[in-house]
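Topology and contacts: notes
The chain contents come next:
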Amino acid sequence: MAAQINPSILSADFARLAEEAKAVQGADWLHVDVMDNHFVPNLTLGVPVVESLARATDTPLDCHLMIEDPDRWAPQYVEAGASSVTFHVEAAAAPVRLAREIRAKGARASMALKPATPIEPYEDLLPELDMLLIMTVEPGFGGQAFLDIMLPKIRRTRELIGKHGLQLWLQVDGGVSASTIERCADAGADVFVAGSAVYGAQDPAEAVRALRAQADTATAAASWACDH
Ligand SMILES: O=C(CO)[C@H](O)[C@H](O)COP(=O)(O)O
Ligand SMILES: [Fe+2]
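Residues numbered from 1 in each chain as written. Chains lettered and ligands numbered in written order. Predicted model: local features only at pLDDT ≥ 70, side-chain atom pairs only at ≥ 80, totals over all residues. Heavy atoms only, no water.

Keep this limit in mind: UniProt positions are given in the numbering used here, feature names are shortened, and annotations may be inferred rather than shown by experiment.
An unreviewed UniProt entry annotates the protein as Ribulose-phosphate 3-epimerase of Streptomyces albidocamelliae. As its UniProt record puts it under Pathway (unreviewed entry), the protein is described as follows: "Carbohydrate degradation." Taken directly from UniProt, the Sequence similarities (unreviewed entry) text for the protein runs: "Belongs to the ribulose-phosphate 3-epimerase family."

Listed below in structure tokens is the structure:
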């Protein structure tokens, strides 16, 4: 699979969301950061905006819910038009039930881990998921510096995916840019969220293409991908 680049509209102009979505035509997904000012110290957007965005763009929406009580809210984001819904395991009361509900409603189910949350306790849950998101910054804000200390977790997660013969995607989110994406791909990530690196560029669509080319080259040389 070619590397997937998901621009984060957190770094876009919120007064021009439809245009900003179109500015990254060619992106695999549009990453939509939902923050509730409780799970993280920031507030962004909710179900009505996701409904409008889903109507405004053909790019599928990858909703990253940084909210409390995702068990209650995540299904509503599927109904609003999200094709992939990510909940944080730290906030979910019943992650297996929630992942099954998201899938049953027709979206890809994804679970996120904050930097201090290890993957090992969740090894048995991986078959329930279509994607696992490893945060490479503390969630809450765009434009933060990439946390290199997350690379071993990405590597260990890629090993678990291989060990169980799973198809789930491994997404990284936070500080992904031209100077960090190769390390993420080498460690085993195959889906890359990029906010400031895409929307801060002169030509966002070109930034998506360049990041994908960099990730593809690094993946082709990576031991985890060569084994397959
Ligand atoms: O979930 C997020 C922050 O909590 C964002 O998706 C992420 O930070 C993207 O922005 P950048 O690429 O600028 O770091
Ligand atoms: Fe995100």
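**Quick notes on the side chain of Asn 6**
The test is simple: Helix numbers and strand numbers start at the N terminus; a helix is a DSSP run of H or I with at least 4 residues, a strand a run of E with at least 2. In what follows, a contact means two residues having at least one pair of non-hydrogen atoms within 4.5 Å.
Looking at where Asn 6 falls in the secondary structure, it is placed in strand β1 (residues 4-7). If we skip the residues at most four places from it in the chain, Asn 6 touches Asp 28, Trp 29, His 31, Asp 62, Gln 171, Val 191, Phe 192, Val 193 and Ala 194.

**Comments concerning the nonpolar core**
What counts is decided by this rule: Here, nonpolar core refers to any group of buried Ala, Val, Leu, Ile, Met, Phe, Trp, Tyr and Cys residues whose side-chain atoms link them within 4.5 Å. Whether a residue is buried, partly exposed or exposed follows from its accessible area with a 1.4 Å probe, protein chains only, as a fraction of its type maximum: under 20%, in between, or over 50%, in that order.
Counting 63 residues, the largest nonpolar core has Ile 9, Val 32, Ile 102, Leu 132 and Phe 192 as the members making the most contacts within it. Other than its neighbours up to four places away in sequence, Val 32 contacts Ile 9, Leu 45, Val 50, Leu 53, Leu 61, Asp 62, Cys 63 and His 64.

**Focus: the site of ligand 1**
Filter applied, for reference: Whether a residue is near a molecule or strand depends on its heavy atoms: it is near if one of them lies within 4 Å of it. Pairs of N or O atoms within 3.5 Å make up the polar contacts considered here, provided that, within protein, one atom can donate a hydrogen while the other can accept it, and that residues adjacent in sequence are counted only when both atoms are side-chain atoms. For the accessible areas, the method is Shrake-Rupley and the probe is 1.4 Å, while residue cover comes only from the protein chains on display. For each structure, a 1 Å grid was placed over the protein atoms alone; sets of points admitting a 1.4 Å probe that cannot get out are labelled cavities, open sets with protein on both sides within 12 Å along at least five of seven lines are labelled pockets, and lining residues have an atom within 4 Å of a point. Criterion for pocket placement: a molecule counts as inside a cavity or pocket if more than half of its atoms are within 2 Å of its grid points. Side-chain classes follow a simple rule in which Ala, Val, Leu, Ile, Met, Phe, Trp, Tyr, Cys and Pro form the nonpolar group, Asp, Glu, Lys and Arg form the charged group, and the remainder, Gly included, forms the polar group.
By nearness alone, 21 residues border ligand 1, and Asp 33, Gly 140, Asp 173, Gly 195 and Ser 196 come closest of all. A distance of 3.3 Å is found between an oxygen atom of ligand 1 and a side-chain nitrogen or oxygen belonging to His 31. Coverage of ligand 1 by the protein amounts to 100% of the 360 Å² it exposes when considered alone. Of the pockets mapped on this structure, ligand 1 occupies the largest cavity. Where the shell around ligand 1 is concerned, the elements lending two or more residues are β2 (30-35), β3 (61-66) and β8 (191-194). Among the elements that make up the shell around ligand 1, the one with the highest residue count is β2 (three residues). Class assignment of the residues belonging to the shell around ligand 1 gives a composition of eight nonpolar, 11 polar and two charged.

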